[in-house]
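Report on the structure
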Amino acid sequence: MAENQVVLRHVTKRFTTRTMGTITAVDDFNLEIKEGECFSFLGPSGCGKTTTLRMIAGFEDLSEGEIELCGRLVSSSAKNLYIPPEERDLGMVFQAFAVWPHMNIFDNVAFPLKIRKVAKKEIAARVKDALKHCSLDGLEDVYPGELSGGQQQRIALARAIVTNPKVMLLDEPLSNLDPKLRETMRFEIKELQRQFGFTIIFVTHDQSEAMAISDRMMVCDMGKIVQIDTPENLYNHPNSRFVHNFLGESTFINVEVRDGRVFPKGDTSQPIGLTIPEGTKGEMVVATRPNAIRLNGGDGAGFRTHIEKRIFLTDKTEYLVPVGAQLVKLQTPHRVVFAPGEECAIEIANPSWYPPEDAAAEAERARRNII
Ligand code: ATP
């Protein structure tokens, strides 16, 4: 069993600003990341991803709690203990291409070894090796400005691996690259991880990127951990409307449960044939994926409605159908063809049920986004 390499215990960070008062950017985070794991922090802007990463790196102190790296306590608010970033044995790659334009590639990559006072001969060998692993061999004398975005980000990767760190912190490292290059770099990062065996903490807004790269992910919202699990489990068993919406396409239907039947909110003319989970009553949200709603003919099984709109997508067709006062989105393979205005019926299999969105939470999310 792999050991825990990054451990956060009750980690909390509060910021006080003159205009907005105190904000708890990170609220009681408890986390255990295992050796060799690729673990992503995922969530909307302002949820606390970067602050958490900065606390792990040692750039930010803690309001409460403690952090352990490779079995060593590196931050503790109670003990007033802070090991500086350069003594934490971490590799880091950040969003902006943080390479020094006035240094050639060799000097950029050699920098972390020079400040550690490694012998010249060893520096030459290790830089050569790091450049080879990042497909930059032969470019030692070139300056970063002469290279493409992807190559510049490879310099940052080479500089991060040259010290052979146990943990690699990657903060939106691919966000400045075009989509094709992002995909290639994702594979390259995973390949470097396989060869060097480091643990990755990856911060991103992009759910598909996080799903592709991660063994486990943490979804956070407004400074709180909402769910930690494998990409598959998060997608198939989201524990809240927020996670459902954040990971993959979602279709939500506001409903009311009355006398053992489910109706679209505000319209009791036709029930939706759904099995009601035990103890569910009143207003609820039924959540599913657009491709998990079955579209039948007008005389088929399900909730009777009609096609309001049809949208051709490259690999599927999307339909909007009224359910009470709401327009519900569903997607079918191209062989299922309905025309706008045509009668139809829809069936929803195994949806998730959530309480209606909390207006106070929405307001707080908006407040955090503008700070
Ligand atoms: P993004 O994806 O936009 O980078 P994030 O999830 O990384 O967002 P953080 O940068 O960690 O979020 O910020 C969390 C909250 O803490 C935000 O509301 C932010 O405005 C606030 N915050 C972060 N750093 C500071 C600071 N130095 N002073 C005051 N508030 C801060």
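Treat the numbers as computed from the prediction; the structure is a model and nothing was measured.

Observations concerning the overall build of the chain
Summing up its helical and strand segments, the chain has 9 helices and 21 strands in all. Residues counted as buried form 46% of the 371 residues belonging to the chain. At a minimum sequence separation of 6, the contacts of the chain that also span at least 24 residues come to 65%. In the structure as shown, the chain presents an accessible area of about 18200 Å², 50% of it carried by carbon and sulfur atoms. Side chains of the chain give 44 positive and 50 negative charges; the mean places of these two sets differ by 3 Å.

What to know about the sheet that holds strand β16 (residues 303–306)
Spatially, β15-β20-β16 is the arrangement adopted by the 3 strands of the open sheet, whose pairing is antiparallel. Edge positions in the sheet fall to β15 (293–297) and β16, since each has one partner strand and no second. The average angle at which neighbouring strand axes cross in this sheet is 40°, direction not considered. Both β16 and strand β20 (residues 343–348) contribute to a ladder of 4 bridges, which runs antiparallel. Its bridge partner being in β20, Arg-304 is matched across the sheet by Ala-345.

With respect to the nonpolar core
Counting residues in each nonpolar core, the largest one holds 34 residues, and the members touching the most others are Val-109, Val-127 and Ile-200. Put simply, the parts of the chain that give this core at least two residues each are α2 (105–115), α3 (120–133), α4 (149–161), β8 (167–171), α5 (179–196) and β9 (199–204). Sequence-distant contacts of Ile-200, that is, excluding residues within four places in its chain, are made with Glu-37, Cys-38, Phe-39, Met-168, Leu-170, Ile-189 and Gln-193. Formed by 27 residues, the second largest nonpolar core is a distinct cluster that contains Ile-33, Met-55, Ile-56 and Ile-201.

Some remarks on the side chain of Thr-251
As for its position among the elements, Thr-251 is in strand β12 (residues 251–258). Note on Thr-251: relative accessible area 4%, which makes it buried. Within the structure, Thr-251 has its side chain in polar contact with the backbone oxygen of Lys-329 (distance 2.8 Å). If we ignore the near neighbours within four places in the chain, the residues touching Thr-251 are Val-286, Ala-287, Thr-288, Arg-289, Pro-290, Ile-293, Val-328 and Lys-329.

Comments concerning α5
For α5, spanning 18 residues, the distance from its first C-alpha to its last is 26 Å, which sits close to the expected 26 Å at 1.5 Å a residue. Among the residues of α5, those classed as buried are Arg-182, Met-185, Arg-186, Ile-189, Leu-192 and Gln-193. Buried residues of α5, seen end-on, are gathered within an arc of 130° and therefore sit on one face of the element. Residues of α5 that are exposed and angled more than 90 degrees away from the buried face: Lys-180, Phe-187 and Arg-194. In the core, the buried residues of α5 are packed alongside β3 (38–42), α3, α4, β8, β9 and α6 (207–213). Phi turns positive one or two residues past the end of α5, at Gly-197, with a value near 75°.

Side note on the domain arrangement of the chain
The domain boundaries assigned to the chain delineate domain 1 (4–241) and domain 2 (249–354). For domain 1 and domain 2, the distance between their C-alpha centroids amounts to 41 Å. In this complex, domain 1 contributes 5 residues to the contact, which on the side of domain 2 involves 5 residues. Note on domain 1 versus domain 2: buried area summed over both sides is about 540 Å², and carbon and sulfur give 49% of it. It is Tyr-235, Pro-238 and Arg-241 in domain 1 that bury the most area against domain 2; as a group they hold 89% of the surface buried on that side. Summed over the shared surface of domain 1 and domain 2, the result is 0 salt bridges. The residue inventory of the side of domain 1 that touches domain 2, partitioned by class, reads 2 nonpolar, 2 polar and 1 charged.

Quick notes on the side chain of Ser-40
Mapped onto the elements of the fold, Ser-40 is located in strand β3. Polar contacts involving the side chain of Ser-40 include one to the side chain of Ser-214, which spans 2.5 Å. In this structure Ser-40 touches Phe-202, Ala-210, Ile-213, Ser-214, Arg-216, Met-217 and Met-218, once residues within four positions along its chain are discounted.

Observations concerning the sheet that holds strand β1 (residues 4–17)
An order of β2-β1-β4-β5-β6 is seen for the 5 strands of this open sheet, with the pairing classed as antiparallel. Two strands close off the open sheet at either side, each with one partner strand: β2 (21–34) and β6 (81–82). Bridge analysis of strand β4 (residues 64–69) against strand β5 (residues 72–76) gives 4 bridges, and the strand direction is antiparallel. Residue pairing in the sheet places Ile-67 in a bridge with Ser-75 of β5. Of the strands in this sheet, β1, β2, β4 and β5 touch helix α1 (residues 49–57), which is tilted by about 120° from β1.

Some remarks on the pattern of salt bridges
Under the criterion given, the structure shown has 19 salt bridges. Between Lys-224 and Asp-27 there is a salt bridge, and its shortest N-O distance comes to 2.5 Å. In this pair, Lys-224 is assigned in strand β11 (residues 224–229) and Asp-27 in strand β2, connecting sequence segments 197 residues apart. Assessed through its relative accessible area of 27%, Asp-27 is described here as partly exposed. Close ionic contact of Asp-89 with Lys-166 constitutes a salt bridge, the shortest N to O distance being 3.8 Å.

Calculation rules
- Residues numbered from 1 in each chain as written.
- Predicted model: local features only at pLDDT ≥ 70, side-chain atom pairs only at ≥ 80, totals over all residues.
- Heavy atoms only, no water.
- Helix = DSSP H or I, 4+ residues; strand = E, 2+ residues; numbered from the N terminus.
- Buried < 20%, exposed > 50% of the residue type's maximum accessible area, 1.4 Å probe, protein only.
- Contact = heavy atoms within 4.5 Å.
- Areas by Shrake-Rupley, 256 points an atom, 1.4 Å probe, with all protein chains shown as cover.
- Lys, Arg positive; Asp, Glu negative; His and termini not counted.
- Charge placed at Lys NZ, Arg CZ, Asp CG, Glu CD.
- Pairing = 2+ DSSP bridges.
- Axes fitted to C-alpha atoms, helices over the stretch in contact; angles between N-to-C directions.
- Core = buried A, V, L, I, M, F, W, Y, C linked by side-chain atoms within 4.5 Å.
- Polar contact = N/O pair within 3.5 Å; in protein donor to acceptor, adjacent residues only side chain to side chain.
- Expected span 1.5 Å × (residues − 1).
- Arc of directions from axis to C-beta.
- Domains from an automatic or database assignment.
- Buried area = accessible area lost by both parts, 1.4 Å probe.
- Salt bridge = Lys/Arg side-chain N within 4 Å of Asp/Glu carboxyl O.
- Nonpolar A, V, L, I, M, F, W, Y, C, P; charged D, E, K, R; others polar.

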